[in-house]
Structures are given as C-alpha cells and as structure tokens.
Amino acid sequence: MILLISLGVRHAFGLFLQPVSMDQGWGRETFAFAIALQNLVWGASQPFTGMLSDRFGAKPIVAIGAVLYAAGLWTMSVVGGEAVFILGAGVLIGLGLSGTTFPVIFAAISRLVAPERRSLAMGITMSVGSFGQFAMLPISLGLIVAFEWQTALVVLSILALAIFPLAFGIRRVPAPIASADEDVSFAQALRDAFGQRDFWLLSLGFFACGFQVVFIAVHLPAFLADEGVGSGVATIVLALIGLVNVAGTYYAGLWGGRMRKPMLLSWIYLGRAAAIAAFVLLPVTATSAYIFGAAMGLFWLSTVPLTNGTVAAVFGVKHMSMLAGIVFFAHQLGSFAGGWLGGWLYDRTGSYDIAWGIAIGLSILAAVLNWPITERTLAQRRAVS
C-alpha cells in the first residue's frame, strides 16, 4: 500500500507539466528541471536513507518520508515562483521518495521471506505499486480538470500523508545471515560491493532504466499533444503502462526465482528498445500510443525486483537497503538526465527526436551490460578466485 500511494502519485507528475508551465509562463525546462532534481535528490539520498533503515528499521524512515512527501506536494501548489516550486518538487519530494519506495520496502520484505521466495515477493509488491500508477493517473487528471492543478496537488499531499500511519504496520526482524561474508559492517559491505565488477555493471544498466521511465512519464503527455493527440489519450497510455506492468512485475519476480535475473534484465531492455523504436518511427496516433503503452507496461518497472533481487542474492540482506540504494542512485542519475534533458532538448530543437534516440541507445547498452552478470554469492566468488 505504501508503494501504491508513493509510486502512484509520483507517476502522475507528467500531467502537471503543461498546466503548470502555461499558467506560470515558464518554459518546459523549468518543470523538467524540478522533476529531474527530484530524481537526483532521491537517488543521492537513497544510500543514506537505506543505511538508516538497515540500522533502525524501515518504520521511522517511511514515516518521515511520508511527511516530507506531503510537504513537497503542498509546496508545489503554492504559487511562489520557480525557486519555491523547485524546492517542493525537487528537494522535499526527492527526500520523501527515498524513504517510501522500493529500496527500503524491498529490504524489509526480504528479511521476512526465504531466499528462494524473495524474487516473487518483490514482484508481487511491485505489482501493487504498479497498480497505483494505473489508479492515480485518472484520479489526478480528474482533479486537475475539476479543481485546477493547485487544488489537485493539495489533495495529493493529503493522500501522501496517508503513508504515515501505514509505516507503523511494518514489522522489523533481524536480517538472516547465510554466511560470514554477509555479517559485516556497512563499511566492509561497501568495499565488497565496490570491488565487484558485476555491481558496477548492474548500476550502469539501471541508469538506462531511470532515463527511460522518467523521460516517458514526464514528457509523453506533451509529446502526444505536439503530435495532435489529446491529453486524455496520454493519461490512458500512462495508466495502461501501470496496469500492464502489474503483470510485468509479477512475472519478472516469478521468473527471477527460476532463471538468471541478469539475463531477464537484458531481454527486458531489448524489449524496451524495440517498443520505443516502433512507436517513434511509425506515425503517432491514439491507437499506436495505446499499443506503445501496453508494450512498455510489460517492461516498465519489471527491472526493479530483478535488480534488487540480484543485489540480495549476491550480498545478502543485512545491508540490502544501502547497497540497493547505491545501485538506485545510478538509476536516478539516469532519471535526472531523462527528465531534464528531455525539456532542455525540446526547448532548443522544438522536438523530442534526439531524446527518443538516446533512450533507444541506452536500452541496447543496458542489455549488453547486464548479460555477463552472475548471481554467485560473495563466498562463491571468493572460492572461485
């Protein structure tokens, strides 16, 4: 439920790009920069949030994150100029997301289930989070149409605050330790991770995921409007991505417990590249947009349980929040690039063509990077070396 609210609200931000920019007289770059900064702050703070969660438990971290998330949404609604808007959308929500999303939640869940069930558990949890995207997009659009964007943001801030009481239902149990290699200090865990080639490959591949997800979520409504396709279609497309991804994340988690997770990641990135290329190279219509939404939905956040599952498989769960947070930081660097660069390129070229091309190229690169990654534990790696 925490992921449903947190990710659902986050994926609705793209609907606010045009009304906020037009009402305030800003170019698209201002809004795009705020969302890009949000992702950068989220990613930069995630390893530290994860370290605190590993040390003190997820409950206080999620509760504080809920308050920051709600405060950020409310600050966005205040018409106080670009700096105030960027503070709310960029800094406060970025910090709030670091406490209410998958690195913290997945680590808490991973402590409660057997290793062979972790991938499936993450897939199920991510499926519920994906349903939040499906549910929140039409709700957010309805609020914008009925009450204007400022009131819509206030309502969403109240919804985000509902995460606060949910935080107190999270159980805290000691991290299961499979071997002495996992029972180490956080400093040693960092040295172990940074010394593994596969950790860096996994992180670099996740950069592509961040670029694509945020670029599409933020700029797809404006892109479709430029192509003469109405805003209602964009809302349905983004909601369709979330709905189909309920199945995509579930099966990614299910198959991740049976097959090599890095191999599945490679196929997901190749699938994204094909879906994006077909969408932008063929004539853009409402029908093609719906097909694109369904295709991208299969791959949208399916990378998340597989990536976090690989971290848990190799390094254990004692420091999983922190290590998954570091991998996620690479994802958020990509998110910053996707959110900001899309607006920057559009304002200077009047087109999203270059940004779409970058998204395709990064997807192919990520597929190549993930393929050689193995899921051997640290003990197995040291035995081989």
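Residues numbered from 1 in each chain as written. Predicted model: local features only at pLDDT ≥ 70, side-chain atom pairs only at ≥ 80, totals over all residues. Heavy atoms only, no water.

A.B. asks: How should I be thinking about the overall build of the chain in this particular structure?
C.D. replies: Across its full length, the chain carries 17 helices and zero strands. Computed over the C-alpha atoms, the radius of gyration of the chain is 20 Å, within 12% of the 21 Å expected from 2.2 N^0.38 for a compact globule of 385 residues. Once the C-alpha set of the chain is aligned to its principal axes, its extents read approximately 60 × 45 × 30 Å. A buried classification covers 59% of the 385 residues belonging to the chain. When the accessible area of the chain is evaluated, it comes to approximately 14100 Å², of which 71% is carbon and sulfur surface. Distance between charge centroids for the chain: 13 Å, based on 20 positive and 16 negative side chains. (Helix = DSSP H or I, 4+ residues; strand = E, 2+ residues; numbered from the N terminus. Rg over C-alpha atoms; globule rule 2.2 N^0.38 Å. Buried < 20%, exposed > 50% of the residue type's maximum accessible area, 1.4 Å probe, protein only. Areas by Shrake-Rupley, 256 points an atom, 1.4 Å probe, with all protein chains shown as cover. Lys, Arg positive; Asp, Glu negative; His and termini not counted. Charge placed at Lys NZ, Arg CZ, Asp CG, Glu CD.)

A.B. asks: Explain the nonpolar core to me, please; I cannot follow it from the model alone.
C.D. replies: Burial of nonpolar side chains together is a common tendency in soluble globular proteins. If you look at the biggest cluster of nonpolar residues, it comprises 127 residues, and the most contacted ones within it are Leu-73, Leu-224 and Trp-356. For this core, the element with the most residues is helix H10 (residues 197–226), which contributes 17 residues. Setting aside its immediate chain neighbours within four residues, Trp-356 contacts Phe-215, Ile-216, Leu-220, Phe-223, Ile-276, Phe-279, Val-280 and Phe-292. (Core = buried A, V, L, I, M, F, W, Y, C linked by side-chain atoms within 4.5 Å. Contact = heavy atoms within 4.5 Å.)

A.B. asks: Explanation requested: the packing of helix H1 (residues 2–10) against helix H6 (residues 102–110) in the structure shown.
C.D. replies: For any two helices packed against each other, the geometry comes down to the angle between their axes and how far apart the axes lie. Two elements in contact, H1 and H6, have axes whose closest approach is 11 Å; the angle formed by their N-to-C orientations is 165°. As far as their axial angle goes, H6 and H1 are roughly antiparallel. Classified by chirality, the crossing of H6 by H1 is left-handed. In contact with Ile-2, Leu-3 and Leu-7 of H1, H6 contributes Phe-102, Ile-105 and Phe-106. Partitioned by chemical class, the residues of the contact of H1 with H6 number six nonpolar, no polar and no charged. (Axes fitted to C-alpha atoms, helices over the stretch in contact; angles between N-to-C directions. Parallel < 35°, antiparallel > 145°, perpendicular 65-115°, else oblique. Left-handed = near helix turned anticlockwise from the far one by under 90°. Nonpolar A, V, L, I, M, F, W, Y, C, P; charged D, E, K, R; others polar.)

A.B. asks: Explanation requested: the packing of H10 against helix H15 (residues 320–349) in the structure shown.
C.D. replies: Remark: H10 packs on H15, axes separated minimally by 6 Å, with the N-to-C direction vectors making an angle of 35°. Considering how the two elements wind past one another, H10 and H15 form a crossing that is right-handed. When grouped by side-chain class, the residues that make up the contact of H10 with H15 number 17 nonpolar, 10 polar and one charged.

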